[in-house]
Amino acid sequence: GQMRVSGTTVFQSDLLVSAGSRFDVDLSSPTVVMNGVLTNRGEMRWISDCNRFDLQGSGRVENEGLWEIFADSACHNGSEAIVRVPVNVPVGGKLLLSTNGVARFIVGSSLDVAGELEIQSGGRLRFENSGPAHDLNLTSAAVLSGNGTLQMDGSNRLILAAGDLDTTVAVD
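Below, the structure is looked at part by part. (Residues numbered from 1 in each chain as written. Predicted model: local features only at pLDDT ≥ 70, side-chain atom pairs only at ≥ 80, totals over all residues. Heavy atoms only, no water.)

## Points about the overall build of the chain
1) Next: The helix and strand tally for the chain stands at zero helices and 20 strands.
2) Next: The C-alpha radius of gyration computed for the chain amounts to 15 Å, which stays within 12% of the reference 16 Å derived for 172 residues, consistent with globular compactness.
3) Next: When its C-alpha atoms are laid out on the principal axes, the chain stretches across 40 × 30 × 30 Å.
4) Next: Counting all 172 residues of the chain, 51% fall into the buried class.
5) Next: Looking at the chain alone, contacts between residues at least 24 apart form 47% of all its contacts between residues at least 6 apart.
6) Next: Split by element, the accessible area of the chain, about 7200 Å² in all, is 45% carbon and sulfur.
7) Next: In the chain, 12 side chains carry a positive charge and 20 a negative one; their mean positions are 5 Å apart. (Helix = DSSP H or I, 4+ residues; strand = E, 2+ residues; numbered from the N terminus. Rg over C-alpha atoms; globule rule 2.2 N^0.38 Å. Buried < 20%, exposed > 50% of the residue type's maximum accessible area, 1.4 Å probe, protein only. Contact = heavy atoms within 4.5 Å. Areas by Shrake-Rupley, 256 points an atom, 1.4 Å probe, with all protein chains shown as cover. Lys, Arg positive; Asp, Glu negative; His and termini not counted. Charge placed at Lys NZ, Arg CZ, Asp CG, Glu CD.)

## Quick notes on the nonpolar core
1) Next: By size, the foremost hydrophobic cluster in this structure holds 36 residues, and its most contacted members are F23, W46, L55, W67, L111, L117 and L125.
2) Next: The leading source of residues in this core is strand β3 (residues 22-34), at four residues. (Core = buried A, V, L, I, M, F, W, Y, C linked by side-chain atoms within 4.5 Å.)

## Focus on the pairing of strand β13 (residues 110-113)
1) Next: Bridge count for strand β10 (residues 86-89) against β13 is four bridges, and the pairing is parallel. Its bridge partner lying in β13, V89 is registered against V113.
2) Next: As paired elements, β13 and strand β16 (residues 135-138) share three bridges and run parallel to each other. Pairing of V113 across the sheet is with L138, part of β16. (Pairing = 2+ DSSP bridges.)

## Here's the deal with the packing of aromatic side chains
1) Next: Counting across every chain of the model gives six aromatic pairs.
2) Next: With a centroid separation of 5.3 Å and an interplanar angle of 80°, the aromatic rings of F23 and W46 are classed as edge-to-face. Here F23, found in strand β3, pairs with W46, found in strand β5 (residues 43-48); they are 23 residues apart in sequence, far enough to count as distant.
3) Next: Between F105 and F127 the ring centres are 5.0 Å apart and the planes differ by 20°, which places this aromatic pair in the stacked class. In this pair, F105 sits in strand β12 (residues 102-105) while F127 sits in strand β15 (residues 124-127), placing the two residues 22 residues apart along the sequence.
4) Next: Looking at F127, the relative accessible area reads 0%, which means it is buried.
5) Next: Feature note: the residues F11, F23, W46, F53 and W67 constitute an aromatic cluster, connected by ring pairs.
6) Next: Over the ring of F70 we find R45; its NZ or CZ atom is 4.2 Å from the centre of that ring. (Phe/Tyr/Trp six-rings, centres within 6.5 Å; stacked < 30°, edge-to-face > 60°. Lys NZ or Arg CZ within 6 Å of the ring centre and 35° of its normal.)

All we've got here are geometric facts, nothing functional implied.
Written as structure tokens, this is what we have:
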């Protein structure tokens, strides 16, 4: 099945996106309040740029499938999608910032990657310098790929579980 949200949508309990299903957040600058665990085993396509999502709440995301953050095709004004909750991408999961997709992790967020993080050309994943430091943890199994930019502002930390970072992604 497929679910699409716009406006403000509040989830007070856990939400499962099953394998073969989709959860799209792609209209009118939606706010998603997740107060449970969002487990994605299917595919999620969420918008950034002119119309951008704001993910907040007391919950977290377990991304075992594909989560794509894509640029709004209607206009390009550089508005970053906002993530305010912890996100985990285990082995087999993928977080994709497609061409020109932009996202910002702010207060309340962190990103743990054992699967894949791909930032395509023109894409940017930024950890904002707000509140306590936010961590991007890359395990030894993690794959960081693409020609986009990973931007770590202020005292935010990029934590590598094993040795050197070998990637085509620009790290600022």
